[in-house]
Amino acid sequence: MDDLIPRLRAVCDLDVAEMREFSGRHEYDGTIQDLSRDGVTAGLARLAEASAAGDRLADPHDEAHLATFENAVRVSLGDLELHRRNPMPHIAALDLACYDREYAPEQERDRARNAHLAGWPRAIEAAIDTLDRLSAPVAAALADGIRGLPAGIRGPVDERVTGDALAAHARLVAFIERTAAEGGPDAALGTAGLSALMSSAEGMPLDLGRLGERADAERDRLTARLAESCARVDPGRAPLEVARELVRDHPDAGEVIPAAEHWTRLAIAFTRGRDLVPYQDGECRVGLAPESRRWAMAMMSPAAPGEPEGPSWYHITPPEDSWPEQDREEWLEVFSETTLPGITVHEVAPGHFSHGRAIRRAPTEVRRTLHSAAFVEGWAHYAEELCVEEGFCADDPRFAIGVWLEALVRVTRLACAIGVHTAGMTVAEGARRFEADTHLAGAAALSEARRATFDPTYGRYTWGKLEIMALRERARKQWGTAFSLRRFHSALLALGSPPLGLLGAAIERG
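About the criteria used
Residues numbered from 1 in each chain as written. Predicted model: local features only at pLDDT ≥ 70, side-chain atom pairs only at ≥ 80, totals over all residues. Heavy atoms only, no water. Pairing = 2+ DSSP bridges. Helix = DSSP H or I, 4+ residues; strand = E, 2+ residues; numbered from the N terminus. Axes fitted to C-alpha atoms, helices over the stretch in contact; angles between N-to-C directions. Salt bridge = Lys/Arg side-chain N within 4 Å of Asp/Glu carboxyl O. Parallel < 35°, antiparallel > 145°, perpendicular 65-115°, else oblique. Left-handed = near helix turned anticlockwise from the far one by under 90°. Contact = heavy atoms within 4.5 Å. Nonpolar A, V, L, I, M, F, W, Y, C, P; charged D, E, K, R; others polar. Expected span 1.5 Å × (residues − 1). Buried < 20%, exposed > 50% of the residue type's maximum accessible area, 1.4 Å probe, protein only. Phe/Tyr/Trp six-rings, centres within 6.5 Å; stacked < 30°, edge-to-face > 60°. Core = buried A, V, L, I, M, F, W, Y, C linked by side-chain atoms within 4.5 Å. Disulfide = S-S within 2.5 Å. Polar contact = N/O pair within 3.5 Å; in protein donor to acceptor, adjacent residues only side chain to side chain.

1. A look at the sheet that holds strand E2 (residues 298–301)
With mixed pairing, 3 strands are arranged side by side in an open sheet as E1-E3-E2. The two strands at the open ends of the sheet, each matched to only one other strand, are strand E1 (284–288) and E2. Strand after strand, the sheet turns through a mean of 25 degrees between neighbouring axes, direction not considered. Looking at chain direction, E1 and strand E3 (residues 312–316) are connected through 5 bridges and run parallel. Following the sheet pairing, Cys 284 is matched in E3 by Ser 312.

2. Let's talk about the pattern of salt bridges
On inspection of all chains with the given rule, the structure shows 52 salt bridges. Here Arg 210 makes a salt bridge to Glu 213, at a shortest N to O gap of 3.6 Å. Pair noted here: Arg 210 and Glu 213 are both in helix H11 (residues 208–231), with a separation of 3 residues, about one helical turn. Among the charged side chains, a salt-bridge network with shared partners connects Asp 3, Arg 9, Arg 25, Glu 27, Glu 365 and Arg 368.

3. Concerning the packing of helix H3 (residues 37–53) against helix H4 (residues 60–79)
Taken N-terminus to C-terminus, the directions of H3 and H4 make an angle of 155 degrees; their axes are 11 Å apart at the nearest point. Our classification of the angle between H3 and H4 gives roughly antiparallel. In this structure, H3 meets H4 at a crossing whose hand is left-handed. Seen from H3, the contacting residues are Val 40, Leu 44, Leu 47 and Ser 51; seen from H4, they are Glu 70, Val 73, Arg 74, Leu 77 and Gly 78. Taken together, the residues of the contact of H3 with H4 break down into 5 nonpolar, 2 polar and 2 charged.

4. Observations concerning helix H10 (residues 191–202)
Over its 12 residues, H10 runs 17 Å from end to end, which matches the ideal 16 Å to within 8%, given 1.5 Å per residue. Every buried residue of H10 is accounted for by Gly 193, Leu 194, Ser 195, Leu 197, Met 198, Ser 199, Ser 200 and Glu 202. Buried positions along H10 lie against H4, H11, helix H18 (373–390), helix H19 (397–422) and helix H22 (460–479). Positioned one or two residues after H10, Gly 203 has a phi angle of 60 degrees, which is positive.

5. So, the packing of aromatic side chains
Under the counting rule described, the total for this entry stands at 7 aromatic pairs. Ring geometry for Trp 263 versus Phe 392: centroids 6.3 Å apart, planes at 75 degrees, classification edge-to-face. Of this pair, Trp 263 sits in helix H13 (residues 256–274) while Phe 392 is found in the loop between H18 and H19, placing the two residues 129 residues apart along the sequence. Residue classification places Trp 263 among the buried residues on the basis of a relative accessible area of 12%. Taking relative accessible area as the criterion, Phe 392 reaches 6% and is therefore assigned buried. Here the aromatic rings of Trp 479 and Phe 483 are separated by 6.2 Å at their centres, their planes lie at 35 degrees, and the arrangement is tilted.

6. Focus on the pairing of E2
Within a regular strand, the side chains alternate between the two sheet faces. Burial of the side chains of E2 extends over both faces: Ala 298 and Met 300 are buried on one face and Met 299 and Ser 301 on the other. The sheet contact formed by E2 and E3 spans 4 bridges and is antiparallel. Its bridge partner lying in E3, Ala 298 is registered against Ile 316.

7. Examining the environment of Leu 80
In this structure, Leu 80 sits in the loop between H4 and helix H5 (88–94). The spacing of Leu 80 and Leu 194 is 114 residues in sequence and 9.4 Å in space, taken between C-alpha atoms.

8. With respect to the nonpolar core
Residues Tyr 314, Ile 316, Phe 488 and Leu 492 are the most contacted members of the largest nonpolar core, which totals 100 residues. Ranked by residue count, the leading element in this core is H19, at 15 residues. Leave out the neighbours within four places in its chain, and Phe 488 touches Tyr 382, Ile 468, Leu 471, Arg 472, Ala 475, Trp 479 and Phe 483. Counting residues in hydrophobic clusters, the runner-up holds 30 residues, among them Ala 104, Ala 123, Ala 141 and Ala 187.

9. As for unusual backbone geometry
With an omega dihedral of 5 degrees, the bond running from Ala 349 to Pro 350 counts as a cis peptide bond. Although it is not a glycine, Glu 81 sits at a positive phi angle of roughly 50 degrees. Mapped onto the elements of the fold, Glu 81 is located in the loop between H4 and H5. Glu 81 gets classed as partly exposed once you look at its relative accessible area, which sits at 21%. Phi at Asp 275 is positive, roughly 55 degrees, even though this residue is not glycine. Turning to its location among the elements, Asp 275 is positioned in the loop between H13 and E1.

10. A look at the state of the cysteines
A full pass over the atoms with the stated rule returns 0 disulfides. Free of any disulfide, Cys 230 has its nearest neighbouring cysteine sulfur in Cys 393, separated by 16 Å. In this structure Cys 393 comes out as partly exposed when scored by relative accessible area, which is 21%.

11. What to know about the side chain of His 346
One can find His 346 in helix H15 (residues 340–347). For His 346, a relative accessible area of 1% translates into the label buried. Within the structure, His 346 has its side chain in polar contact with the side chain of Glu 384 (distance 2.6 Å). When neighbours within four sequence positions are excluded, His 346 is seen to be in contact with Gly 351, His 352, Glu 377, Ala 380, His 381, Glu 384, Arg 410 and Tyr 461.

12. Here's the deal with the environment of Asp 158
Mapped onto the elements of the fold, Asp 158 is located in the loop between helix H8 (136–147) and helix H9 (159–182). Given a relative accessible area of 44%, Asp 158 falls into the partly exposed group. Counting along the chain gives 116 residues from Asp 158 to Arg 274, while the straight-line C-alpha distance between them is 52 Å. A polar atom in the side chain of Asp 158 sits 3.1 Å from the backbone nitrogen of Val 161.

Spatial relationships are all this shows, so hold off on functional conclusions.
Put into structure tokens, the structure is as follows:
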């Protein structure tokens with residue numbers, strides 16, 4: 001018997017890769033979501049039928065949470081048809097790295113991986129047929145990730161299955177490379193499209209102009225904080241000059257993962273010592289990112305709420321040995337002694353790893369299953385500044401400098417997302433914006449700018465953080481002397497990963 005109500009199941013069926021890995025719905029193991037035009041149309045029809053026939057949930061917050069996700073998928077796949085213009089859903093559907101984490105016995109995961117691989121030819125042909133609105137900038141930005149998909153093939157696999165899958169993959173790579181060279185130049189969703197995508201996902205109205213103003217104000221605040229912290233290192237020089245020199249102090253490529261392990265231990269110990277989050281258990285391991293996911297420099301793959309207890313993985317992407325020396329050096333600056341600590345706080349504790357431990361205890365299936373991306377990233381981004389406030393590495397100004405630098409990167413993402421999708425900004429112009437407003441340069445700045453083309457909501461880090469910080473001030477005023485960080489964080493995380501428009505329930509119920 002299915003343990004999900006039909007409305008929730010219909011939503012899950014339209015986001016299979018996310019549900020399998022981050023919600024732990026492993027009934028989807030070995031299957032690939034049908035992202036053909038007909039497949040998506042049929043899925044949306046099932047959603048409409050379930051929504052029309054389904055009862056409203058008894059808890060008003062959970063009802064609003066589920067209704068937000070129902071509307072969001074109608075907008076993203078129905079109105080905007082993102083599966084026709086963006087390979088990301090198809091990459092996620094094909095990705096085999098979801099079977100690497102130890103959520104089940106190895107043989108069971110190998111069987112699922114092999115069944116999944118056997119579905120590649122049909123799914124890839126559907127992807128090539130469906131991506132009829134793919135632009136050159138998006139294809140170029142995702143080409144490396146698509147090339148890396150076969151790295152997930154491992155274990156005992158039938159040679160015929162592997163051969164058919166690799167042949168299909170070669171056709172997909174050729175299609176992407178051809179589109180990158182010959183496709184249309186416009187990756188923009190437009191003002192109405194970006195606004196609809198962001199507002200529907202978070203269950204709240206959105207004025208992109210106003211959000212842009214908030215981003216500018218946040219950039220100015222962060223620039224001032226950076227200046228204060230850099231003055232502790234060298235008061236006579238420009239802050240970004242000081243910061244750019246600091247980030248050149250970094251581990252070698254082979255030392256990045258041990259350095260991340262060191263900061264993981266410190267971040268977890270600090271979070272426990274300050275009692276910042278409601279749950280302090282679980283195992284977090286650190287390792288090399290799967291090749292198909294190396295478009296991201298660092299990411300968390302958590303033990304999902306629908307799974308038995310198991311380790312979470314903090315994945316790191318060092319530069320490739322084959323890269324030019326300058327590109328390697330610029331990429332390694334991301335893992336400097338100044339920036340890696342803040343990145344680790346974001347990914348591990350009290351960021352994503354800690355959040356994942358709370359999601360496992362969320363009281364309802366809706367909250368354990370449906371996760372707002374802006375809340376997930378906003379929480380982890382909020383955690384960085386929280387650690388500055390609480391005195392993590394207070395005797396070393398480099399930690400705070402790293403937090404401000406990463407925050408400037410995040411707020412520049414928001415500016416570039418709005419610029420690329422509503423104001424005609426090119427990838428090259430976006431890269432120059434990152435080089436002007438942050439410490440990033442070269443390959444790292446270009447990577448960040450390219451991400452705007454295929455991840456149009458990557459401004460969610462700053463947006464989510466700003467909403468959480470605003471809610472915290474409301475809680476301070478309404479709770480008065482009864483306010484504490486532990487109470488606020490516990491009330492907030494009891495909601496799971498709520499859409500930003502529903503955050504107020506934390507104060508009402510906390």
